[in-house]
Amino acid sequence: MGPLRMTPTLRQSNLLHYGLLFAALFIAFFWNIWGFSLFDLDEGAFSEATREMLANSNFAATYLDGEPRYDKPILSYWFQALSVTLFDLSEFSLRLPSAIAASCWLLACYRFARQQWNRTTALYTVLIMANTLWIGIIGKAAIADAWLNLFLTLTLLDMWRHWENPTRSLLLRVYLWMALGLLAKGPVAVLVPLLVSGIFYLIQGAWRRWLAAIFYLPGWVLLLAILTPWLWLVYQDQGLGFFQGFLLDHNLKRFSDTREGHGGKLWYYLFALPLVLLPFSAALFTLLRNLRELCKDSLTLYLMIWLGVVFVLVSFSGTQLPHYVVYGISGLLMLFAHNRERLFRSWGLVFPLLFFVLMLALPWILEAAAGSSRKLYEREMLARVWDVAGTAYITASIVALLLTLAVIFTAKLERPAKFVAIGFIQTLFVFTFFIQVMAGLQQQPVQEAAAIARQLSDKHVIAYGVHRPSFSVYRDAITPQDRSPEAGDVIFTDADNLLKLQQKNPDAVLELLFSKGGIRLVEWRDAKPAVAN
């Protein structure tokens, strides 16, 4: 027999396959990551802590506006610092590590789906995951969540491989991923895998195998060998403060109490999960209706336990945000891909259709919200909606809506392909037009105020009543929080807090340096002692 040659048909098939794979990853995570301001609070805080890390050459611990930051471990800051060192300080360099982590996350799922099912299912896995709304948001954000999702996914997928074919190398790899997850986000990187695997092994009647795996001494030695050097360094820098602040305040209290106003109810994620899964939300309801039958397959059961564990944990948490539930959806989206012919129904196309109708109506909705808000900052911020959502946004909304309708009614595409095509439309629209409106409203005034403050290098600039770390990033300097400003200070604040400051100091002469969208930058020219409250 002669050598095997690639036929034109096979070559074209491979070109389409890998072309779609590349396009999905690029559009989801790399497209336009440079094109909009850093968002407060999370992006601003991570970015400013990274900037201070480089400015102080302190790579052991993180600080935010000069104060110790205990929120997260160190790994994502190291990657951001490396990126900024290579490409200078910018939105692109700060977000690039998350884009790379998210791409690796999806490629890990691609490899697993190809091993478990087939090449086409693996491609659909990436096409679905890349165009899921909240995965796109996480993959473009300068925060630690893309790294956590990568290491959580690697841990849980290797746990399944170890169930199928128990080897020491796989078990060591599980402990490696958990160690890196701990360095990226903390105890959740261990808690979720232990609960998922424990429940699955118990159902399968193999709890002795599970105990042997979790008490595998070489694995714990590897995990501690990875963690201990950094733990020692952060202890040398911050003493017990980091351990108390991180473990107690930012983990146990975040679970038991509401933080940063992000409270919720037990039913919060019943509504948040369909939003997170857009435009593929309807497949969840179809899957749940057929759950008993589908879970006869052991892998499906395992992946659904993964979702269930995360869903229960975040539902009972005192602090609730939509992206928390993303920790559990990787396996769910792989099931969407595997059962695509069964789960994607025509009625489910109403979800993305309603989304684009809402996007078209968004400027009018925000305009109405501006009139009803009791806070001056919110009224001024939202009142600028037509300054940032002009003709281009309205035109893009209409085009996206019409393209969605065209995809829905075309007979040339099968249902799964229709959902994926609409996913591409959604991803391009959200991260080209919608994101510009949100950044223009919330962050553009902060960035412009920082540019003015940056020119005042001889002045003492403080923040009063606001916590927007992106101001420090764009100003390229620490901005301390100060509850008692004095004459000579340049004060960064918002409209509501400026009124409070004026009420406390009625004789102060405050020169307005910048005012836009509810953000204020003033210089205190003259003052008398503050009056009592």
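Since the structure is predicted, the reported quantities are computational estimates derived from the model, not experimental observations. (Residues numbered from 1 in each chain as written. Predicted model: local features only at pLDDT ≥ 70, side-chain atom pairs only at ≥ 80, totals over all residues. Heavy atoms only, no water.)

Colleague: How would you summarise the overall build of the protein chain if you had to cite specific residues and measurements?
Modeller: A tally of regular secondary structure across the protein chain gives 26 helices and six strands. Relative to its length of 533 residues, the protein chain is compact, with a C-alpha radius of gyration of 25 Å against a globular reference of 24 Å. For the C-alpha atoms alone, the extent of the protein chain along its principal axes is close to 90 × 60 × 50 Å. Expressed as a percentage of its 533 residues, the buried residues of the protein chain come to 55%. Within the protein chain, contacts between residues separated by at least 24 positions form 76% of all contacts whose residues are at least 6 apart in sequence. When the accessible surface of the protein chain is summed, it comes to about 23700 Å², and 64% of that surface belongs to carbon and sulfur atoms. Side-chain charges of the protein chain comprise 44 positive and 37 negative groups, with the mean position of each set lying 14 Å from the other. (Helix = DSSP H or I, 4+ residues; strand = E, 2+ residues; numbered from the N terminus. Rg over C-alpha atoms; globule rule 2.2 N^0.38 Å. Buried < 20%, exposed > 50% of the residue type's maximum accessible area, 1.4 Å probe, protein only. Contact = heavy atoms within 4.5 Å. Areas by Shrake-Rupley, 256 points an atom, 1.4 Å probe, with all protein chains shown as cover. Lys, Arg positive; Asp, Glu negative; His and termini not counted. Charge placed at Lys NZ, Arg CZ, Asp CG, Glu CD.)

Colleague: Just give me the short version of a nonpolar patch on the surface, but keep the residues and values in it.
Modeller: Together, F22, F26, W31, W34 and L428 line one region of the surface with nonpolar side chains, adding up to about 510 Å² of accessible area. Counting through the fold element by element, F22 comes out in helix α1 (residues 8-30). (Patch = residues over 30% accessible without salt bridge, like charges linked within 9 Å, V, L, I, M, F, W, Y side chains within 5 Å. Salt bridge = Lys/Arg side-chain N within 4 Å of Asp/Glu carboxyl O.)

Colleague: Please give an account of the pairing of strand β4 (residues 489-494) that cites residues and values.
Modeller: Here is the key point about a regular strand: its side chains alternate between the two faces of the sheet. Burial analysis of β4 places six of its six residues in the buried class, the great majority of the element. Because side chains alternate across β4, one face comprises the buried residues D489, I491 and T493, and the other comprises V490, F492 and D494, equally buried. Relative to β4, strand β3 (residues 460-463) is paired through four bridges, and the arrangement is parallel. When the bridges of β4 are listed, H460 appears paired with D489. Handedness of the crossover joining β3 and β4 through helix α25 (residues 470-475) is recorded here as left-handed. (Pairing = 2+ DSSP bridges. Right-handed = clockwise from strand over helix to strand, strands pointing away.)

Colleague: How would you summarise the packing of aromatic side chains if you had to cite specific residues and measurements?
Modeller: Tallying each qualifying case throughout the model produces 32 aromatic pairs. Of note, R69 hangs over the ring of F46, and the distance from its end group to the ring centre comes to 5.1 Å. Above the ring of F431, the side-chain terminus of K140 is found at 4.4 Å from the ring centroid. (Phe/Tyr/Trp six-rings, centres within 6.5 Å; stacked < 30°, edge-to-face > 60°. Lys NZ or Arg CZ within 6 Å of the ring centre and 35° of its normal.)

Colleague: Requested: an account of the state of the cysteines, with residues and values cited.
Modeller: Summed over all chains, the structure comprises zero disulfides. Left unpaired, C109 is separated from the closest cysteine sulfur, that of C104, by 11 Å. Since its relative accessible area comes to 0%, C109 is described here as buried. Its sulfur unpaired, C295 is 18 Å from the next cysteine sulfur, which belongs to C109. (Disulfide = S-S within 2.5 Å.)

Colleague: How would you sum up the environment of S346? Please name residues and give values.
Modeller: Summarising the element assignment, S346 is placed in the loop between α18 (340-343) and α19 (350-372). A C-alpha to C-alpha distance of 42 Å links S346 and L171, two positions 175 residues apart in sequence.

Colleague: Quick rundown of helix α11 (residues 217-238)? Include the residues and the values.
Modeller: The terminal C-alpha atoms of α11, which comprises 22 residues, lie 30 Å apart, in line with the 32 Å expected from a rise of 1.5 Å per residue. Along α11, the sharpest change in direction is near 35 degrees and occurs at L227; proline P229 comes one to four residues later. Inspection of α11 places G219, L223, L227, W230, V234 and Q238 among the buried residues, and these make up the whole buried set. Backbone geometry just after α11 places G239 at a positive phi near 65 degrees. (Expected span 1.5 Å × (residues − 1). Bend = angle between axes of the 7 residues up to and from the residue.)

Colleague: Quick rundown of the packing of helix α4 (residues 91-116) against helix α5 (residues 119-130)? Include the residues and the values.
Modeller: Where α4 contacts α5, the axes come no closer than 7 Å and their chain directions differ by 155 degrees. With respect to α5, the axis of α4 lies roughly antiparallel. Classified by chirality, the crossing of α5 by α4 is right-handed. Residues W105, L106, C109, Y110, A113 and R114 of α4 touch α5, and the partners they reach there are R119, T121, A122, L123, T125, V126, M129 and A130. Split into classes, the residues belonging to the contact of α4 with α5 amount to 10 nonpolar, two polar and two charged. (Axes fitted to C-alpha atoms, helices over the stretch in contact; angles between N-to-C directions. Parallel < 35°, antiparallel > 145°, perpendicular 65-115°, else oblique. Left-handed = near helix turned anticlockwise from the far one by under 90°. Nonpolar A, V, L, I, M, F, W, Y, C, P; charged D, E, K, R; others polar.)

Colleague: Can you lay out the pattern of salt bridges for me, pointing to particular residues and giving the numbers?
Modeller: Inspection of the entire model under this criterion finds 14 salt bridges. Two residues, R51 and E48, come together in a salt bridge whose shortest N-O distance is 2.8 Å. Note that R51 and E48 are positioned in helix α2 (residues 42-56) at a spacing of three residues, about one turn of the helix. Note on R51: relative accessible area 10%, which makes it buried. Residues K516 and E448 are paired through a salt bridge, measuring 3.1 Å at the closest nitrogen-oxygen approach. You can see K516 sitting in strand β5 (residues 509-516) and its partner E448 sitting in helix α24 (residues 444-454), a full 68 residues away along the chain.

Colleague: Go over helix α8 (residues 168-184), please, and point to the residues and values.
Modeller: Its 17 residues place the ends of α8 24 Å apart at the C-alpha level, agreeing with the 24 Å of an ideal helix rising 1.5 Å per residue. The buried fraction of α8 amounts to 12 of the 17 residues, a majority that puts the element mostly inside the structure. Listed in full, the buried residues belonging to α8 are L170, L171, V174, Y175, W177, M178, A179, L180, G181, L182, L183 and A184. Buried residues along α8 sit in contact with α3 (75-87), α7 (145-164), α9 (188-203), α10 (207-214) and α11. One or two steps after α8, the chain reaches G186, where phi turns positive at roughly 120 degrees.

Note that all results are geometric; they support no functional claim without further evidence.
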